[in-house]
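Single-letter residue listing:
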Amino acid sequence: MAWNVQRTDATAGMTAETMTIAGGGGDPIHAFIAQPKGPGPFPGVVIVHHAPGFDEWTREFARRFADHGFLTVAPNLYERFGHGLPDEVAAVGRTQVTDDSVVADAEAALNWIKAQPTSNGKVGVIGPCSGGRNAVLVASRVPAFDAVVDLWGGGVTADPTPQRPVRVIDMTPQLTAPLLGLFGNDDQGPSPAQVDQHEAALKEHGKTYQFHRYDGAGHGFFYWHAPSYRQQQAMDGWDKVVAWFTQHLS
């Protein structure tokens, strides 16, 4: 659904709230859940938040998906590092969260969606920045996801670390979900060369994907609260995201 095409007499509505769900390993974690009103069935979306954490932008992003008909869950991937203001928690979580923990919490969010009577049984995963990298990671390790969107995900080609023991690009053979990637040509994380490297791996392994690259945009061009925001590129990108999920999750 393109922007601003809902009729003025449409009866769209949603519920949106932070709830506690079973996360990875059965741990209780907070998740922001935005659900369209009505019987459904609705496609599902899991938002893998960015390094700034479980923040206001993530909640607004979830509500936006729900307004367009997606049952949306954004799990708090930093739950185990305590609570406070997003910046305070992210100062710890962004350096200590592990790939295994991210994957487990995202899979738990997928399972929560599929258990809802309003779910149509199909779920996509999306993330911006490090969340883009992690969305590709999650989709590569959890074949139950039906589509994935990488928003300028830095780190897909990065070398391993103790928290990130495998390069995500090396997991390309395991990726079964169709992948949409949106990138700014002024970005350096990922740089255009790194995006080229990722695209080459997808082509080599015959994966279904679309990459779109925007001139005049750098890192975080969807972030309407930040100087990095680029209105034209962001709105075109949003339309592509909704079209991708509609195609593969309906």
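Data block above holds the structure.
Residues numbered from 1 in each chain as written. Predicted model: local features only at pLDDT ≥ 70, side-chain atom pairs only at ≥ 80, totals over all residues. Heavy atoms only, no water.

Quick notes on the layout of surface pockets
Then, in step 1: Within this model, the largest pocket holds a volume of roughly 200 Å³.
Then, in step 2: Together, 16 residues line the largest pocket, and Tyr-78, Arg-94, Val-97, Ser-130 and Arg-164 are the ones closest to its centre.
Then, in step 3: Counting only elements with at least two residues in the lining of the largest pocket, the list comes to helix H2 (86-96), helix H3 (99-114) and helix H4 (130-141).
Then, in step 4: Per-element accounting of the lining of the largest pocket gives the leading share, three residues, to H2.
Then, in step 5: Of the residues in the lining of the largest pocket, the class split is five nonpolar, eight polar and three charged. (1 Å grid on protein atoms, 1.4 Å probe; cavity = no way out; pocket = protein on both sides within 12 Å on 5 of 7 lines; lining within 4 Å. Points joined across faces, edges and corners; volume = space filled by probe spheres on them. Helix = DSSP H or I, 4+ residues; strand = E, 2+ residues; numbered from the N terminus. Nonpolar A, V, L, I, M, F, W, Y, C, P; charged D, E, K, R; others polar.)

Remarks on the pairing of strand E2 (residues 28-36)
It is a general feature of regular strands that their side chains alternate between the two faces of the sheet.
Then, in step 1: Counting buried residues along E2, seven of its nine residues qualify, which places the element largely inside the surrounding structure.
Then, in step 2: Pairing between strand E1 (residues 14-22) and E2: nine bridges, direction antiparallel. Of the residues in E2, the one forming a bridge with Thr-18 is Phe-32.
Then, in step 3: Hairpin connection of E1 to E2: five residues between the antiparallel strands, including Gly-25 at a positive phi of 70°. (Buried < 20%, exposed > 50% of the residue type's maximum accessible area, 1.4 Å probe, protein only. Pairing = 2+ DSSP bridges.)

A few points about the side chain of His-50
Then, in step 1: Tracing the sequence through the fold places His-50 in the loop between strand E3 (42-47) and helix H1 (56-67).
Then, in step 2: Judged by relative accessible area, which is 2%, His-50 ranks as buried.
Then, in step 3: At a separation of 2.7 Å, a polar atom in the side chain of His-50 contacts the side chain of Tyr-223. (Polar contact = N/O pair within 3.5 Å; in protein donor to acceptor, adjacent residues only side chain to side chain.)

Quick look at the pattern of salt bridges
Then, in step 1: Taken as a whole and assessed by the stated rule, the structure comprises nine salt bridges.
Then, in step 2: The salt bridge involving Asp-9 is made with Arg-7; its shortest N-O contact spans 2.8 Å.
Then, in step 3: Among the salt bridges present, the one from Asp-170 reaches Arg-167, with a minimum N-O distance of 3.1 Å.
Then, in step 4: Here Asp-170 falls in the partly exposed class, since its relative accessible area comes to 44%.
Then, in step 5: Residues joined by salt bridges that share partners form a network here, namely Asp-27, Arg-80 and Asp-105. (Salt bridge = Lys/Arg side-chain N within 4 Å of Asp/Glu carboxyl O.)

A short note on helix H5 (residues 192-204)
Then, in step 1: Taking 1.5 Å as the rise per residue, H5 with 13 residues should run 18 Å; its terminal C-alpha atoms sit 18 Å apart, in good agreement.
Then, in step 2: What H5 keeps buried is the set Val-195, His-198, Glu-199, Ala-201 and Leu-202. Take H5 and look down its axis: the buried residues cluster within an arc of 155°, on one side only. Set apart from the buried face of H5 by more than 90 degrees, the exposed residues are Ala-193, Lys-203 and Glu-204.
Then, in step 3: Where H5 is buried, its residues meet H4, strand E7 (179-184) and strand E8 (209-214).
Then, in step 4: Within two residues after H5, Gly-206 carries a phi angle of roughly 65°, on the positive side. (Expected span 1.5 Å × (residues − 1). Arc of directions from axis to C-beta. Contact = heavy atoms within 4.5 Å.)

Brief notes about the sheet that holds E8
Then, in step 1: Spatially, eight strands are ordered E1-E2-E4-E3-E5-E6-E7-E8 in an open sheet, and the strand pairing comes out mixed. In this open sheet, the two edge strands, each paired with only one partner strand, are E1 and E8. Going from strand to strand, the sheet's axes swing by 20° on average, the running direction of each strand aside.
Then, in step 2: Bridge count between E3 and strand E4 (residues 71-75): three bridges; the pairing is parallel. The partner of Gly-44 across the bridge, within E4, is Leu-71.
Then, in step 3: Across the sheet, H5 lies against E7 and E8, angled at about 165° from E8, the strand it touches most.
Then, in step 4: Against the sheet, helix H6 (residues 231-249) contacts E3, strand E5 (119-128), strand E6 (147-151), E7 and E8, and its axis sits at roughly 165° relative to E6. (Axes fitted to C-alpha atoms, helices over the stretch in contact; angles between N-to-C directions.)

Topic: the side chain of Thr-118
Then, in step 1: Structurally, Thr-118 is set in the loop between H3 and E5.
Then, in step 2: Setting aside its immediate chain neighbours within four residues, Thr-118 contacts Gln-35, Gly-38, Pro-39, Gly-40, Pro-41, Phe-42 and Leu-71.

Some details on the pairing of E8
Then, in step 1: In the sheet, E7 pairs with E8 via six bridges, with the strands oriented parallel. By the bridge assignment for E8, Leu-179 is matched with Tyr-209.
Then, in step 2: Handedness of the β-α-β unit built from E7, H5 and E8 comes out right-handed. (Right-handed = clockwise from strand over helix to strand, strands pointing away.)

Geometric descriptors of this kind do not, in isolation, establish any biological role.
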